Amino acid sequence: MSDSATPATPAKLDFIREIIAEDLAAGKHSTIITRFPPEPNGYLHIGHAKSICLNFGIAQEHAAVNARCHLRFDDTNPEKEESEYVESIKADVQWLGFEWGENLYFASDYFQFFYDCAVRLIQDGKAYIEQDSAEEMRVKRGNLTTPGTHSPHRERAVEDNLALFARMRAGDFQEGECVLRAKIDMASSNMNLRDPVLYRIMHAHHHNTGDAWCIYPMYDFAHPLEDALEHVTHSLCTLEFENHRPLYDWFIENCPVPCKPRQIEFARLNLTYTVMSKRKLLQLVQEGLVGGWNDPRLPTLSGLRRRGYPAPAIRDFCKRIGLTKFNSTTDVALLEFEVRDFLNHSSPRRMAVLDPLKVVLTNWAAEPLDSVVVANHPQNPAAGERAVPVSGELWIERDDFMEDPPKKFYRLGPGRHVRLRGGHIIRYVSHDKDAAGNITRIHAEILPGTVGVDTPAGVECRAAIHWVDAATGVDAEVRLYDRLFSVEDPDAAEGGFTSVLNPASLTTVTAKVEPALAAAEPGFACQFERIGYFVADSVDHQPGAKPVFNRTVALRDSWGKQAGR
RNA sequence: AGCCUCAUAGUGUAAUGGUAACACCCCGGAUUUUGAUUCCGUUAUUCUAGGUUCGAGCCCUAGUGAGGCUACCA
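I will try to describe carefully the structure that is included in this document. (Residues numbered from 1 in each chain as written. Chains lettered and ligands numbered in written order. Predicted model: local features only at pLDDT ≥ 70, side-chain atom pairs only at ≥ 80, totals over all residues. Heavy atoms only, no water.)

A closer look at the packing of aromatic side chains
Definition in use: Stacked, edge-to-face and tilted labels apply to pairs of Phe, Tyr and Trp rings (six-membered ring for Trp) whose centres lie within 6.5 Å, assigned for plane angles under 30 degrees, over 60, and everything in between, in that order. Think of it in three bands: with a 1.4 Å probe and only protein chains considered, a residue is buried below 20% of the maximum accessible area for its type, exposed above 50%, and partly exposed in between. Ring-over charges, as used throughout, are those where CZ of Arg or NZ of Lys falls within 6 Å of the ring centre and within 35 degrees of the ring normal.
As enumerated under the stated definition, the model contains 20 aromatic pairs in all. Taking the centre distance of 6.2 Å and the plane angle of 85° together, the rings of Tyr110 and Phe114 count as edge-to-face. Phe114 sits in the buried class, given a relative accessible area of 0%. Through pairs of rings, three or more aromatic residues link up here, namely Tyr110, Phe111, Phe114, Tyr115, Phe165, Tyr199, Trp213, Tyr216, Phe221, Trp250 and Phe251. Positioned above the aromatic ring of Tyr115, the side-chain terminus of Arg169 is 5.9 Å from the ring centre. The residue whose ring lies beneath Arg483 is Tyr273, and the NZ or CZ to ring-centre distance is 4.3 Å.

Section: the state of the cysteines
For clarity, the threshold we go by: Here, a disulfide means two cysteine sulfur atoms that sit within 2.5 Å of each other.
In total, this model carries zero disulfides according to the counting rule given. Just so you know, Cys259 is unpaired, no disulfide at all, and the nearest cysteine sulfur is the one on Cys117, 12 Å from it.

So, the side chain of Glu81
Test applied: Only DSSP runs of H or I covering at least 4 residues are called helices, and only runs of E covering at least 2 are called strands; the numbering of each starts at the N terminus. Positive charges come from Lys and Arg, negative ones from Asp and Glu, while His and the chain ends are left out of the count. By definition, a salt bridge exists where a carboxyl oxygen of Asp or Glu is found within 4 Å of a side-chain nitrogen of Lys or Arg. Each polar contact in these results corresponds to two N or O atoms within 3.5 Å; when the atoms are within protein, one needs to be able to donate a hydrogen and the other to accept it, and residues that are neighboring in sequence are counted only if both atoms are side-chain atoms. Contact between two residues is taken to exist if any of their heavy atoms lie within 4.5 Å; hydrogens are not considered.
By secondary structure assignment, the location of Glu81 is in the loop between strand E2 (68-73) and helix H3 (83-96). Of the side chains bearing the opposite charge, Lys80 lies closest to the buried Glu81, which forms no salt bridge; the N-O distance is 6.9 Å. Engagement of the side chain of Glu81 in a polar contact is seen with the backbone nitrogen of Asn77, the distance being 3.1 Å. Apart from residues lying up to four places away in sequence, Glu81 is in contact with Glu39, Pro40, Asp74, Asp75, Thr76 and His206.

Topic: the protein's contact with RNA strand B
Heads up, the rule is: When we say a residue is near a molecule or strand, we mean one of its heavy atoms is within 4 Å of it.
Residues in close proximity to RNA strand B total 67 residues, the closest being Arg320, Arg349, Tyr410, Gln527 and Arg530. Sugar and phosphate atoms represent 62% of those atoms of RNA strand B found within 4 Å of the protein. In the model, a phosphate oxygen of RNA strand B is placed 2.8 Å from a nitrogen or oxygen of the Thr76 side chain. Residue Gly452 places a main-chain N or O atom 2.8 Å away from a base oxygen belonging to RNA strand B. Among the elements of the structure, helix H5 (134-140), strand E6 (197-201), helix H12 (332-346) and helix H13 (558-563) are those that each provide at least two residues to the surface near RNA strand B.

Some thoughts on the sheet that holds strand E20 (residues 467-469)
Quick note on the threshold: DSSP-based pairing: two strands are paired if at least 2 bridges between them are found.
Spatially, E19-E16-E17-E18-E12-E15-E20 is the arrangement adopted by the seven strands of the open sheet, whose pairing is mixed. In the strand order of this sheet, the two ends are held by strand E19 (464-465) and E20, each with one partner. Pairing of strand E16 (residues 417-420) with E19, which is carried by two bridges, proceeds in the parallel orientation. Following the sheet pairing, Arg419 is matched in E19 by Ala464.

Focus on the pairing of strand E21 (residues 474-481)
Relative to strand E22 (residues 506-513), E21 runs antiparallel, the two being bridged by eight bridges. Considered in E22, the bridge of Tyr481 is made with Leu506. Examined bridge by bridge, E21 and strand E25 (residues 548-554) share three bridges and lie parallel to one another. Its bridge partner being in E25, Arg479 is matched across the sheet by Asn550.

Notes on the side chain of Asn41
Here Asn41 shows up in the loop between strand E1 (33-36) and helix H2 (46-61). Here the side chain of Asn41 touches Lys278 through a polar contact of 2.8 Å, side chain to side chain. Residues contacting Asn41, with those up to four places away along its chain left out, are Lys80, Tyr85 and Lys278.

Considerations on the pairing of strand E9 (residues 262-266)
Looking along a regular strand, one sees the side chains alternate between the two faces of the sheet. Taking burial as the measure, the five residues of E9 include four buried ones, the bulk of the element. In the sheet, strand E8 (residues 234-238) pairs with E9 via five bridges, with the strands oriented parallel. Paired with Leu236 across the strands is Ile264, a residue of E9.

Listed below in structure tokens is the structure:
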């Protein structure tokens, strides 16, 4: 269950923790500093959770040496970044259960340092102003098998480069007129080393620095400097930056930095039936295919939160998936397992009927009660009990009655008994149908004296079903979520996302719920017995108004599987 | 095509060069006033070919397959 309940579990060291342990043992560092460096250009998703749990987790594990993890916004591209995203990212990291304390940083706060480093590279003859167009640069870069060719500007005098760079910074040039490039190796088999761009001109307003700058550093140049400036010891990133490491190290070697961070790459998280790229999530949001970044069907942290996925379950999931350099795809079933596992222990039980069928108790007068007492959690007496009102009419699940049941169906049908959970055993009497042949009502009778006691001898009753009293039960809007996509790998879908959207990803029903649920607070999570885990919607659910519940995840249902339901 | 990285049950991860294991999923059984939970059990694994070694999932070579790289994105 919760990770906090099992802190002593000596988890196997993954390859990154192994490296850190070795570095510590070798006396290479006196403390460990990691960082989580999102670009504020979208909302965080479950893939980021893997990185967050890794970086903040490592810091927590090395508290003895005062280790820490920085939250740093990698905001070097003003065209794509917004303050709204900064706020959502902070909220999501905190919700996941991690604290950055004093260590909140913005790459944009280092702009002057980046600039000074660039000047230094120019002075050292290691950078130059390029005036070729982007297209010319592309052509001269060569390709995977042929080396690039030198730009005519590559050997410009240091003084001229310096003057030109100053003019770039002063705003003397239009966007695209020139860039600053590192002078490395146009013949390198690693394309990243073929004189990469360090600075480009962007006459854009920045969310943090406003209009102070019109030149902005590229990721490859800025990132190692950010890490070094913050004394990061281990810079953990995903596999696609593997080929960038030589360049990362080049900047560390050639710029006046206070220390030498080490970049280590790991495989990003892939999940079946799930789209995990920010660009594609943005597309889903912008095209209105979902209700927003916090749509409960999305793998965004805000979506999962609204869906009722508990943060500890997500943390446990991140532990279970492990950490390697193998490009794998984890089955979402593992995430769902962790969610059920956590919720099973933490959620109080309540009763709700999603597809109501009326039952009239013909002999209710034989033992009329006001209420029955039901445990809030059968495995946890400390969760207490509650009184659930009852009367002579109630709702049961339409599925729980069969006119012509197969032998292994244990619930209600002609000639059968069934237990009302927490209440009486009832016996079938008759049922009504409308003109179309639909069952409209069941008549049954209670077995007096069967509340709170074992099934009497001679009565065959194997199942207990959930129910809601008709006199006091209230209507609720219940949203049943399923996978957003109908195929395992939506990224590979031909014809775009629309072609593989699951039409059943959202079903809204009007259900009957026990009266106490009408007063539930937004975010209240519980198990609807025999149905699944539900949470009062954090946006649309308001106490006093019609309750709105989201299905977090359904219960396992082995009967349903057998019956092909 | 060149360079870099990776390859263990269906899925994801373990295994100082020394009996290949854990979790999820699947299937079966027991318990059950949730066909849930819990408990027990079943099936199934080192990409291929060479080499080093008393001994290779692990080391070496080649092959195969997968991912990444030819942005003034990160």
